[in-house]
Amino acid sequence: MWAYVLRRLLVTIPTVLAVVTICYLMLHATPGGPFDAELKVSDAVLANLQAKYHLDMPLWKQYLYYLNDLIHGDLGASFRYADWSVNDLVKRALPVSLAIGGTAMVIAIVLGVGIGIVAALRQNSAIDYIVMLFGNIGSVLPSFVLGPLLVLVFAITLPWLPSGGWDDFAPRYMILPIALLTLINVSTIGRIMRGSLIEVLSSNFIRTARAKGLPTRVVVMRHALRPALLPVVSVIGPLAISSITSAIVTESWFSIPGLGRLIVNGASDRDYTLVLGLVILVTVLAVFLNLIVDLAYAWLDPKIRY
Amino acid sequence: MNLRHMQSIARTFLTFALAAGALASACAATIPAGTVLSPRQEFVRNNGAEPESLDPALIESVNAAEIGRDLFEGLTSTDHHGTVVPGVAESWKQTDATTWVFKLRKTATWSNGQPVTADDFVYAWRRFLDPKTAAKIASTYAVYLVNGLDVVNGKKPVTDLGVRAIDKLTLEIRTPNPVPFLPGVVAVAQYSPVPRATIEKFGKDWTKPGNMVGNGAFVLKDWQVNSKVIVEKNPKYWDAANVALTRVTFLCVEDGNADLKLYQSGEEDMMEQLSPGAYTALKARYPSEMHNGPLLGLRFYALNNADPLLKDIRVRKALSMVIDREILSSKVTADGQVPLYGLAVKGLASIGQTRYDWADWPMDKRVAEARKLLAEAGVKPGTKLKFTYNNSDYHKKMAIFAASEWKTKLGLDTEMDSLEFKVLIRKRHDGDFQIARHGWVVTFNDATLFLALVQCGSEVNDDRSCNKKADELIAQGNLSTDPARREALLTQAAKLAMDDYPLIPLLQYSVPRLVKPWVGGYDDANGMDRYRSKDFWIVKH
């Protein structure tokens, strides 16, 4: 298995390289540049700025410069945030996104799996319908509707929590955004869990377990849960990535200084280095999370071996 | 300019200098007698976009400048009425047409207790305009200093810049031509002094909390990127006795809806600006908290004067005539902006407002005249126009209105081209447009900045218009030592330039925002819309 992990990690390198190259070319092909502003930058200043950021060189040479810095762990200087390097910006935004997205993901998994199990065990009963109805609200209502609703109820009508902002990981600022991201993901996980468990519960090996006289709790927890989790694990990878890196609506609505806002602002500001740095981060995270998902498969399903 | 003329100018300026000295005596915001202050003098203001930098030399945006002017103070400053008041300089005088002497106050210190000296200004200005600093708006302000542009362009060393320290507390500034509004120019954040020792010690990181040394009314406490900048009262500030607030939080919330929600839930005391379309309903809901002062800014449509269709003045005039600014203001934008029929906005210094004579005609007469002009120019109904704007609902609404005016009144079809902001401005600067959305807001109150929009060859003249007579009048006006004569000449120049219809003036900007009733110091008549935190106070509530 370790050889498999190593192989997968090594594959990350060409993947990142391919993503960086494509993204690099696309960014430079996009009309408008980082120094376009209402007050036109004079030619001399523009030349100085271009020299400062190596933009006066041919594209291939700029690219090699960038790769060289990248190899040395330097994501470069931000074009938009003059006082910060991309490393600084990522270092500050990543923990925020991890705290919000990661916590929401953990809660969504626990709740989603729980809801799925309850609904599957009481299939087509009132409990099933009620649990799935509430679970589905998260899927049906987009985040830009759910977010304002949460704020209206818990920040404005009942002034219990701040309506937005961020203060060094203070829990009161984190509750509503985490709740929003959880609601969005919980129904997806719950529905998949329910369907998967229903299917597993009708399998021959479950029937055998029941025939042996095992109580339902043991049948579900010891025999049905692991195989039923396989499809859930498949969706967790992409859901986690989007919760951590692309929670743009949530971050914007709650004014959270996370990665999503950096990506959006970076793109509109033509902050080449910032966008590239974040793309690399998302790529690495995607590869890493997919690897964890694959390893989880092996743990859940004894038939899978690496 | 001959010697006698120079001497005459010098005499006039010395008289003016006395007036400036008198002005220099009043500065800090005064809290009205009888005001009961809150024991908690903390203020949360939404400042919009994240500042691009807190280094005065690298500041570009209004948002960053607003924080910068709290952390650093220039020779002069702009108060909450939009008036230029003394800053580090306690007085100044114009010794001849192009030379100014600023006298620094002895009590001005850096937040580390070191005195602020004339050398600090010399260092800061040279650094700002040094090509190595690559300050994006260096050339905008370099034009006001002798050799400024040559320094920015790397043709002369920074030591040739027209600024020198006569002694520790006396700074001499030389301008390439008479700049009567110089005290306003040196109030901008970019011309603040910067602490040389700190910059040399920390390099790029000198603006980080813990490292930064400033000379403003506040010092940097915390900076959380894309979230907030927190500043606290600077006890070493020369006017600290008149600074009421102890802590100010600048939120970096760009989303207008999030801004409103933070205001409504009590997380902030002052909004940045209302979202488009929200004004009427919110004014009815919060009548006493709604503020909507006019801004020294012009909303207009740029016309490419070199375009094959628009190079004909008759076409440009017809397009301008038929847009009903009254309906645009009252029904389309519906946020208190004022209709405009000339270049200068209300409140702009050194220029009078001009107005097209047809502005008072009934619309039927305007349409008939516009149709006649188009017919004379050989433009037939069905002719296509191309309108470029940046993608926002607000601009789209205005664009659709303009297009419908041109269609229903002149029979012209308009193709809409919605672009990202960066792409729009690139296209405008490159002349790759026919009609484009544009807006202009001043950084200091003088007509010069507006006239630049129509001056031949000006970097900001995206219309590529040129009226040599108007340019001559502007040059004459700027050489004039008599403020009334200067104003008359500049007004005449604006009228002459606008008679060529280089652009379509539409509205004077306003800034609708909500401010909590306990915030003191806000002035709706402040057309600059710049607010130093030192001018605010919190009333007991």
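Preceding block: the structure.
Residues numbered from 1 in each chain as written. Chains lettered and ligands numbered in written order. Predicted model: local features only at pLDDT ≥ 70, side-chain atom pairs only at ≥ 80, totals over all residues.

Section: helix α17 (residues 483–498) of chain B
Residue and element names in this part refer to chain B.
In step 1: The first and last C-alpha atoms of α17 sit 22 Å apart over 16 residues, in line with the 22 Å expected at 1.5 Å per residue.
In step 2: Those residues of α17 that sit buried are Arg486, Leu489, Leu490, Thr491, Ala493, Ala494, Ala497 and Met498.
In step 3: Contacts from the buried residues of α17 go to α15 (448–451) and α16 (468–479). (Helix = DSSP H or I, 4+ residues; strand = E, 2+ residues; numbered from the N terminus. Expected span 1.5 Å × (residues − 1). Buried ≥ 20, exposed ≤ 12 C-beta atoms within 10 Å, placed from the backbone. Contact = placed C-beta atoms within 7 Å.)

Some words on the pairing of strand β10 (residues 247–251) of chain B
Residue and element names in this part refer to chain B.
In step 1: In terms of residue burial, β10 counts as a mostly covered element, since four of its five residues are buried.
In step 2: Both strand β1 (residues 42–46) and β10 contribute to a ladder of five bridges, which runs parallel. When the sheet's bridge partners are listed, phenylalanine 43 is paired in β10 with valine 248.
In step 3: Pairing between strand β9 (residues 228–233) and β10: five bridges, direction antiparallel. Its bridge partner being in β10, valine 231 is matched across the sheet by valine 248. (Pairing = 2+ DSSP bridges.)

Observations concerning the interface of chain B and chain A
In step 1: Listed per partner, the contact involves 39 residues of chain B and 40 residues of chain A.
In step 2: At the level of elements, α4 (138–142), α8 (256–264) and α14 (421–430) of chain B are the ones that each hand at least two residues to the side of chain B that touches chain A.
In step 3: Its residues placed into classes, the side of chain B that touches chain A shows 15 nonpolar, 12 polar and 12 charged. (Nonpolar A, V, L, I, M, F, W, Y, C, P; charged D, E, K, R; others polar.)

Observations concerning the sheet that holds strand β6 (residues 163–167) of chain B
Residue and element names in this part refer to chain B.
In step 1: Pairing is antiparallel in the open sheet, where four strands are placed in the order β4-β5-β7-β6. Since the sheet does not close on itself, it has two edges, and those belong to β4 (89–96) and β6, each with one partner. Direction aside, neighbouring strands of the sheet carry axes that sit 25° apart on average.
In step 2: As defined by bridge partners, β4 adjoins strand β5 (residues 99–104) across six bridges and the pair is classed as antiparallel. Within the sheet, the bridge partner assigned to aspartate 96 lies in β5 and is threonine 99.
In step 3: Contacts from helix α3 (residues 118–129) reach β5, β6 and β7 (170–174), with the element oriented near 170° to β6. (Axes fitted to C-alpha atoms, helices over the stretch in contact; angles between N-to-C directions.)

Brief notes about the pairing of β7 of chain B
Residue and element names in this part refer to chain B.
In step 1: The two faces of β7 differ: Leu171 and Ile173 on one face are buried, but Thr170, Glu172 and Arg174 on the other face are not.
In step 2: Pairing of β5 with β7 involves five bridges; the strand directions are antiparallel. The partner of lysine 103 across the bridge, within β7, is threonine 170.
In step 3: In this structure, β6 lies alongside β7, joined through four bridges in antiparallel fashion. The partner of alanine 165 across the bridge, within β7, is leucine 171.
In step 4: Hairpin connection, β6 to β7: the antiparallel pair is bridged by two residues.

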